[in-house]
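Commentary on secondary and tertiary structure
Chain by chain, the residues run as shown.
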2 protein chains.
Amino acid sequence: MHQQQPIAILDSGVGGLTVAKEVMRQLPREKIVYFGDTARTPYGPRSSEEIIQFTREIVDYLIQFSPKMIVIACNTATAAALGVIRSRVAVPVVGVINPGARAAIGRSTTGCIGVIGTEGTIKSRAYDSALRELSPHVEVISETCPLFVPLVEKGNFRSPETYEAVRKSIGHLRKHPIDCLILGCTHYPFLTDTIAEVMGQNVALINSADETAREVSVILQNKRSLTRRDEIPVHQFFCSGDPILFKSIAQQWLGEQIELTPVIWQVPNIV
Amino acid sequence: MHQQQPIAILDSGVGGLTVAKEVMRQLPREKIVYFGDTARTPYGPRSSEEIIQFTREIVDYLIQFSPKMIVIACNTATAAALGVIRSRVAVPVVGVINPGARAAIGRSTTGCIGVIGTEGTIKSRAYDSALRELSPHVEVISETCPLFVPLVEKGNFRSPETYEAVRKSIGHLRKHPIDCLILGCTHYPFLTDTIAEVMGQNVALINSADETAREVSVILQNKRSLTRRDEIPVHQFFCSGDPILFKSIAQQWLGEQIELTPVIWQVPNIV
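This one's a predicted model, so the numbers in the text were calculated from it and none came from an experiment.

Taken as a whole, this structure holds 28 salt bridges over all chains when the rule is applied. For Arg158 of chain A, the salt bridge is made with Asp193 of chain A, and the minimal N-O distance between the two is 3.2 Å. Pair noted here: Arg158 of chain A is in the loop between helix 7 (148–153) and helix 8 (160–170) and Asp193 of chain A is in helix 9 (residues 192–199), with a separation of 35 residues, a long-range link. Taking the relative accessible area as the measure of exposure, Asp193 of chain A reaches 46% and is therefore partly exposed. For the salt bridge of Glu164 of chain B with Arg167 of chain B, the shortest nitrogen-to-oxygen distance reads 2.8 Å. Taken together, the residues Glu164 of chain B and Arg167 of chain B, both in helix 8 (residues 160–170) and three residues apart, mark about one turn of the helix. Its relative accessible area of 31% is what places Glu164 of chain B among the partly exposed residues. For Arg167 of chain B, a relative accessible area of 38% puts it in the partly exposed group. Overlapping salt bridges bring together Asp37, Arg40 and Glu57 of chain A as one network.

Below you can see the structure in the form of C-alpha cells.
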C-alpha cells in the first residue's frame, strides 16, 4: 500500500458525501475518489443479493484508481456487502456500522441506544450485532425510515414536508429511554437539524460520518499509510445518475469548507 | 493473537487508570492487566533514556501475561518510547498521543489547539508532530504543568491548592483563540472539573483516555481480535510503589462504575 494512493469512498448516492466531507476535514492531505450510485438509489428496499452485486460493480470500477483503502459509506451496503468486499480486495475495507456503534457505546450512559436506518439496514440487524459485539448488555431500539433517502436525494433537506416525514417516522422513539440515536444511514446527517428538533436535546445524535472518518484516520495512521504529500489533493467524483443534480448537492454540501478545484465528472459504463 | 488474551495497560502511576476505566466501559468483555510505576512517578522530569528504560522493563514484565495489545497509557512514555516498544513486540502497541491529536482535529473548528502535558511530553513536541501529520495547518499552543501529576498521585483532585495550581499553570492559555485543550497526560482527567472551571465553557477538553479506548476498540475489532467471552473479566492490577495508596485511588476512580472482584496486588521485582 502506497501512502500517496487515494481513499475510495462509495455510496448508493449523495449520502456518502457526509463521510467524504469529514475525511477531507480530518485528513485534509488525503485524496478521495468518490462514487455515488445515484442511478440506482435508494438501496434500502433492494434485496441483499442485488446490493452485493451493485457494491461489487462499484468496487471493481474504483479499483482502477489503486485505492489504499475502500470506505463503504452506505449503511445498507455495509450491512449486506462488507464481508464479501473484504474477501475480494487486498486493502482495508471500512464500513460505517462499526464506527457508529462504537461511538454510541462511548457516548451512552443509559445503555439504551436508538438506531434509524433503511429497511435493508434495520432488517439485517447489523447494528444490533455490532453494538452487542462491543458491549453485550445494551438495549437497542430500531426504526426504519424509508422516506428519508428520497428526500435527501432530491435535495429537500429542510421543508415542512421534511419535518412532517421526520416527526411521523421517529417521533414515537421519544417514548423509550434512549440517550443516543445512531443516524444509521449516511444520508441522514443532511437532515440533522430536523431530526434534532424532533428528538429533543436529551438525545445525542451519532453521526456515523464523523466516526467513520475518525476510523479511517486510525487505521491509516496505524498502518503508517497516511500521505506525506503537502499539496492540496484534487478529489475525483463519479456518479451513475444525473450529474447536474449530484454536482449541485455535492457543492452545496462540500463547498463551504473546501475548494473543489478540477473535479472530473464521469458516468461509468455500468448497468 | 488470541481473542481471549488480555489488554496490557501501563503508566507511570495511577494516570493510566483513566484509560483503563474507559476500556472497561467501552469494551466490558475485555480483560485488563494494568501496571502503574508508582515507585518512580513522575516520569515528566526524567530523561528520555530513563523513560525508555523504565517502559521497556514494564513491558518485559507484562509480556508474561501474553497480552494481545499493549497500551502505553502515559503521554511521557508514549512520546519517548512508543517507537522502541513497537520494534520490540509483535502485538499492536497503542500510545495516547495520536488518539488525543485525532480527537482534537475532529473537534476543533478554529484550528487553534491547546496542549497541556508534562515537561517530557511538551519538550518532545510529540503532539505538534501528531497534529500536523493529520492536518498540516493547525496552530498548537503548548504548556507544561509539572504540578499536576504530584497532586493527582497524592489523591488531591479538588482543593483550593489544586485550583490555584491549575489557574496559575494554564489560566493564561485563555488569551489564545483555542477551542480545544488536549489533556496531554493521563493524570489530568482526574482534574477535569477544575481545568474546565479555569478554561471556561468555550474550550472543549479532549480527554485522551476516552479517545485511546476508542482506538483500542477500532484496532482490535478490525483485527477480529475482540474477545467472544461472555463472563465478566477479572482484571489484574500491579504497582511498583505503595499498594495501599494505589488501591485507594484506583477504587475511588474505578469503583463507582464497575465491580472489582478478586484483584491481585503485587509489587514486581524491578529496581
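So much for the structure itself; the text now carries on.
Contact with chain B, which involves 29 residues of that partner, is made by 29 residues of chain A. Of the charged contacts in the structure, one is a salt bridge between Glu133 of chain A and Arg228 of chain B, with a shortest N-O distance of 3.4 Å. The tally of links from chain B across to chain A stands at 20 residue pairs in polar contact (both at pLDDT 80 or more). Listed by contribution, the elements that provide at least two residues to the side of chain B that touches chain A are helix 1 (17–26), helix 4 (97–107), helix 6 (126–134) and helix 10 (208–222) of chain B. By residue number, the principal contributor to the side of chain B that touches chain A is helix 10 of chain B, which donates eight residues. In terms of residue class, the side of chain B that touches chain A is made up of nine nonpolar, eight polar and twelve charged.

Attention now goes to the UniProt feature "active site" (unreviewed entry) in chain A. All names here are of chain A. Cross-referencing UniProt, the feature "active site" (unreviewed entry) maps to Cys74 and Cys185 in the present numbering. For the annotated residues, spread through 112 residues, the largest C-alpha to C-alpha distance comes to 6.4 Å, consistent with a single compact locus. Structurally, the position occupied by Cys74 is in the loop between strand 3 (69–72) and helix 3 (75–88). Classification of Cys74 as buried rests on a relative accessible area of 4%. Leaving out residues up to four positions away in the same chain, Cys74 has contacts with Leu10, Asp11, Ser12, Tyr43, Val96 and Thr186.

So, about the pairing of strand 3 (residues 69–72) of chain B. All names here are of chain B. Because side chains alternate across strand 3, one face comprises the buried residues Met69 and Val71, and the other comprises Ile70 and Ile72, equally buried. Direction of pairing for strand 1 (residues 7–11) relative to strand 3: parallel, over a ladder of four bridges. By the bridge assignment, Ile7 is partnered in strand 3 with Met69. In terms of handedness, the path from strand 3 via helix 3 (residues 75–88) over to strand 4 (residues 93–94) forms a crossover that is right-handed.

Time to look at helix 4 (residues 97–107) of chain A. Counting buried positions over the eleven residues of helix 4 of chain A gives nine, a clear majority of the element. Among the residues of helix 4 of chain A, those classed as buried are Ile97, Asn98, Pro99, Gly100, Ala101, Arg102, Ala103, Ala104 and Ile105 of chain A.

Residue and element names in this part refer to chain A. In contact at an axis separation of 8 Å, helix 1 (residues 17–26) and helix 10 (residues 208–222) are set at 45° when each is read in the N-to-C sense. It follows that helix 1 is oblique to helix 10 by the angle criterion. Classified by chirality, the crossing of helix 10 by helix 1 is right-handed. Mapping the contact onto sequence places Thr18, Val19, Glu22, Val23 and Gln26 in helix 1 and Ala209, Asp210, Thr212, Ala213 and Arg214 in helix 10.

Ranked by size, the top nonpolar core spans 140 residues in total, and within it Ile170 and Ile195 of chain A together with Ile170, Leu181 and Ile195 of chain B carry the most contacts. Those residues within four positions of Ile170 of chain A in sequence are excluded, and the remaining contacts are Ile116, Cys145, Phe148, Leu181, Ile195, Val198 and Met199 of chain A. Listed in part, the 23 residues of the second largest apolar core include Leu10, Tyr43, Cys74 and Phe238 of chain B.

We now examine the sheet that holds strand 8 (residues 204–207) of chain A. Residue and element names in this part refer to chain A. Taken in spatial order, the four strands make up an open sheet running 6-5-7-8, and their pairing is parallel. Whereas interior strands pair on both sides, the edge strands pair on one side only; in this sheet they are strand 6 (139–144) and strand 8. Along the sheet, successive strands turn relative to each other by an average axial angle of 25°, direction set aside. Two elements, strand 5 (residues 112–117) and strand 7 (residues 180–183), share four bridges in a ladder whose sense is parallel.

This brings us to the packing of aromatic side chains. In this structure the tally under the stated criterion is 20 aromatic pairs over all chains. Both rings, one in Phe35 of chain B and one in Tyr61 of chain B, keep their centres 5.7 Å apart while their planes meet at 65°; by these two values the pair is edge-to-face. In this pair, Phe35 of chain B is assigned in strand 2 (residues 32–36) and Tyr61 of chain B in helix 2 (residues 48–62), connecting sequence segments 26 residues apart. Chaining the aromatic ring pairs together yields one cluster made of Phe35, Tyr61, Phe65 and Phe238 of chain A. One cation-aromatic arrangement involves Arg40 of chain A over Phe54 of chain A; the distance from NZ or CZ to the ring centre is 3.7 Å. Sitting over the face of the ring of Trp253 of chain B, Lys21 of chain B holds its NZ or CZ atom 4.4 Å from the ring centroid.

Looking now at the environment of Asn75 of chain B. Residues and elements named next belong to chain B. With respect to the element layout, Asn75 can be found in helix 3. Relative accessible area serves as the criterion here: at 2%, Asn75 is assigned to the buried category. Apart from residues lying up to four places away in sequence, Asn75 is in contact with Val96, Ile97, Thr121, Tyr127, Gly184, Cys185, Thr186 and Ser208.

Another point: the sheet that holds strand 6 (residues 139–144) of chain B. The pairing of strands in a sheet comes from backbone hydrogen bonds and takes either a parallel or an antiparallel form. Residue and element names in this part refer to chain B. Taken in spatial order, the four strands line up as 6-5-7-8 in an open sheet, and their pairing is parallel. Edge positions in the open sheet fall to strand 6 and strand 8 (204–207), since each of these has one partner strand only. Across the sheet, the mean angle from the axis of one strand to that of its neighbour is 25°, orientation sign disregarded. Docked against the sheet, helix 6 engages strand 5 (112–117), strand 6 and strand 7 (180–183), running at close to 160° with respect to strand 6.

Rules behind the numbers
Residues numbered from 1 in each chain as written. Chains lettered and ligands numbered in written order. Predicted model: local features only at pLDDT ≥ 70, side-chain atom pairs only at ≥ 80, totals over all residues. Heavy atoms only, no water. Salt bridge = Lys/Arg side-chain N within 4 Å of Asp/Glu carboxyl O. Helix = DSSP H or I, 4+ residues; strand = E, 2+ residues; numbered from the N terminus. Buried < 20%, exposed > 50% of the residue type's maximum accessible area, 1.4 Å probe, protein only. Contact = heavy atoms within 4.5 Å. Polar contact = N/O pair within 3.5 Å; in protein donor to acceptor, adjacent residues only side chain to side chain. Nonpolar A, V, L, I, M, F, W, Y, C, P; charged D, E, K, R; others polar. UniProt positions renumbered as here; feature names shortened; annotations may be inferred. Pairing = 2+ DSSP bridges. Right-handed = clockwise from strand over helix to strand, strands pointing away. Axes fitted to C-alpha atoms, helices over the stretch in contact; angles between N-to-C directions. Parallel < 35°, antiparallel > 145°, perpendicular 65-115°, else oblique. Left-handed = near helix turned anticlockwise from the far one by under 90°. Core = buried A, V, L, I, M, F, W, Y, C linked by side-chain atoms within 4.5 Å. Phe/Tyr/Trp six-rings, centres within 6.5 Å; stacked < 30°, edge-to-face > 60°. Lys NZ or Arg CZ within 6 Å of the ring centre and 35° of its normal.

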